[in-house]
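Descriptive structure summary
Given next are the chains, with one letter for each unit.
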Amino acid sequence: MTYANEPIARALRDARQARGLSQRALGAKAGIAQGHISKIENGAVDLRLSSLVELARVLDLDLVLVPRKAVPAVDAIVGRSDGTTPASARASRRSLDALEGLQDMAARAARARPAVVELARIQQLARGLRHFAVPGDRLDTIRDAAAAVRAFHENAARPGALQDALARLDGLRSALAHAPPAADEAGPARPAYSLDDEDNG
């Protein structure tokens, strides 16, 4: 991947993942083959302007040429407008990358051993976890699960490791689903009632 294309390829991939679209689904909407989208995201092909325009349209992005001096200001505005900071965007990207890697590895292993039900469940959990903001300190759970699936796929050893990975992923999903909302999501605390609510006569 050339240095010039890397930010564009990464932005397209991040926008696709943020919308929960697979490469196949994006390709169907944009009229571009899934294999070509994969090559674009990996920088394996030069991106044609017509393809870039169509992908941007489907991903609800605008293409804008900005003077180089203004790029830091634009980056700061874009980061604030979507509610993310550069650090939270990087954490989200790492989380999505780890989950996509786990899902791909489980899918490959499931094709080789379709009778192993844990692999299908791991794929399902990986898909579901994409809807949560996974904290950076919990990424090891996802990476460990991917390592267990890879080891199982390569030599079918330690099926107990699959069950352990599945239990940890399920625990992570439950913890994230039942976590209290962040302070900015919950809004200010309000009393159950106030004296002003009572009738005075």
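Scope of this entry: the structure provided in the associated data block. (Residues numbered from 1 in each chain as written. Predicted model: local features only at pLDDT ≥ 70, side-chain atom pairs only at ≥ 80, totals over all residues. Heavy atoms only, no water.)

**Some thoughts on the overall build of the protein chain**
Rules: Counting from the N terminus, the helices are the DSSP runs of H or I reaching at least four residues and the strands are the DSSP runs of E reaching at least two. For the exposure calls, accessible area comes from a 1.4 Å probe over protein chains only, and a residue counts as buried if that area is under 20% of its type's maximum, exposed if over 50%, partly exposed in between. Should any heavy atoms of two residues lie within 4.5 Å, those residues are considered in contact.
In terms of regular secondary structure, the protein chain is built from 10 helices and 0 strands. Helices and strands appear in the protein chain in the N-to-C order α-α-α-α-α-α-α-α-α-α. The buried share among the 201 residues of the protein chain stands at 29%. Put simply, of all contacts in the protein chain between residues at least 6 apart along the chain, 72% involve residues at least 24 apart.

**Let's talk about the pattern of salt bridges**
When charged atoms on two side chains of opposite charge get close, those side chains can pair. Our working rule: Here, a salt bridge means any side-chain nitrogen of Lys or Arg that lies within 4 Å of a carboxyl oxygen of Asp or Glu.
In total, this model carries 10 salt bridges according to the counting rule given. Across the pair R121 and D170 runs a salt bridge, and its minimum N-O distance is 3.4 Å. Placement of R121 in helix α7 (residues 117-129) and of D170 in helix α9 (residues 159-177) is noted, with a sequence separation of 49 residues between them.

**Remarks on the packing of helix α2 (residues 23-30) against helix α3 (residues 34-41)**
For clarity, the cut-off: For helices, the axis comes from a line fit to the C-alpha atoms of the stretch in contact; other axes are also lines fit to C-alpha atoms, and the angle between any two N-to-C directions lies between 0 and 180 degrees. With respect to orientation, any angle under 35 degrees is reported as roughly parallel, any angle over 145 as roughly antiparallel, any angle of 65 to 115 as roughly perpendicular, and every other angle as oblique. Note on convention: near helix rotated counterclockwise from far helix by under a right angle means a left-handed crossing. Clockwise means right-handed. Asp, Glu, Lys and Arg are counted as charged, while Ala, Val, Leu, Ile, Met, Phe, Trp, Tyr, Cys and Pro are counted as nonpolar; the rest, among them Gly, fall into the polar class.
Interaxial distance between α2 and α3 falls to 8 Å at its minimum, and their mutual angle equals 110 degrees. Classed by the angle they form, the pair α2 and α3 counts as roughly perpendicular. The two elements α2 and α3 meet at a crossing, and its hand is right-handed. On α3, the residues touching Q23, R24, L26 and G27 of α2 are Q34, I37, S38 and E41. Across the contact of α2 with α3, the residue classes break down as 2 nonpolar, 4 polar and 2 charged.

**Let's talk about helix α4 (residues 49-58)**
In plain terms, the rule: It is the directions from the helix axis to the C-beta atoms whose arc is reported.
Residues of α4 that are buried include every one of S51, L52, L55, A56 and V58, and no others. Along the long axis of α4, the arc covered by the buried residues comes to 160 degrees, so they all point the same way. Pointing more than 90 degrees away from the buried face of α4 are the exposed residues L49 and R57. Considering only its buried residues, α4 is in contact with α1 (6-18), α2 and α3. Downstream of α4 by one or two residues, D60 has phi in the positive range, about 60 degrees.

**Regarding unusual backbone geometry**
For D60, which is not glycine, the phi torsion reads 60 degrees and is therefore positive. Mapped onto the elements of the fold, D60 is located in the loop between α4 and α5 (71-81).

**What to know about a nonpolar patch on the surface**
What counts is decided by this rule: Only residues whose relative accessible area exceeds 30% and that form no salt bridge are eligible for patches; like-charged ones are grouped when within 9 Å, while nonpolar side chains (Val, Leu, Ile, Met, Phe, Trp, Tyr) are grouped when within 5 Å. All accessible-area figures derive from a Shrake-Rupley calculation using a 1.4 Å probe, and residue coverage is judged against the displayed protein chains alone.
A contiguous nonpolar surface patch, about 280 Å² in accessible area, is contributed by V64, V66, V71 and V74. Its place among the elements puts V66 in the loop between α4 and α5.

Read these as layout, nothing more, since geometry by itself doesn't imply function.
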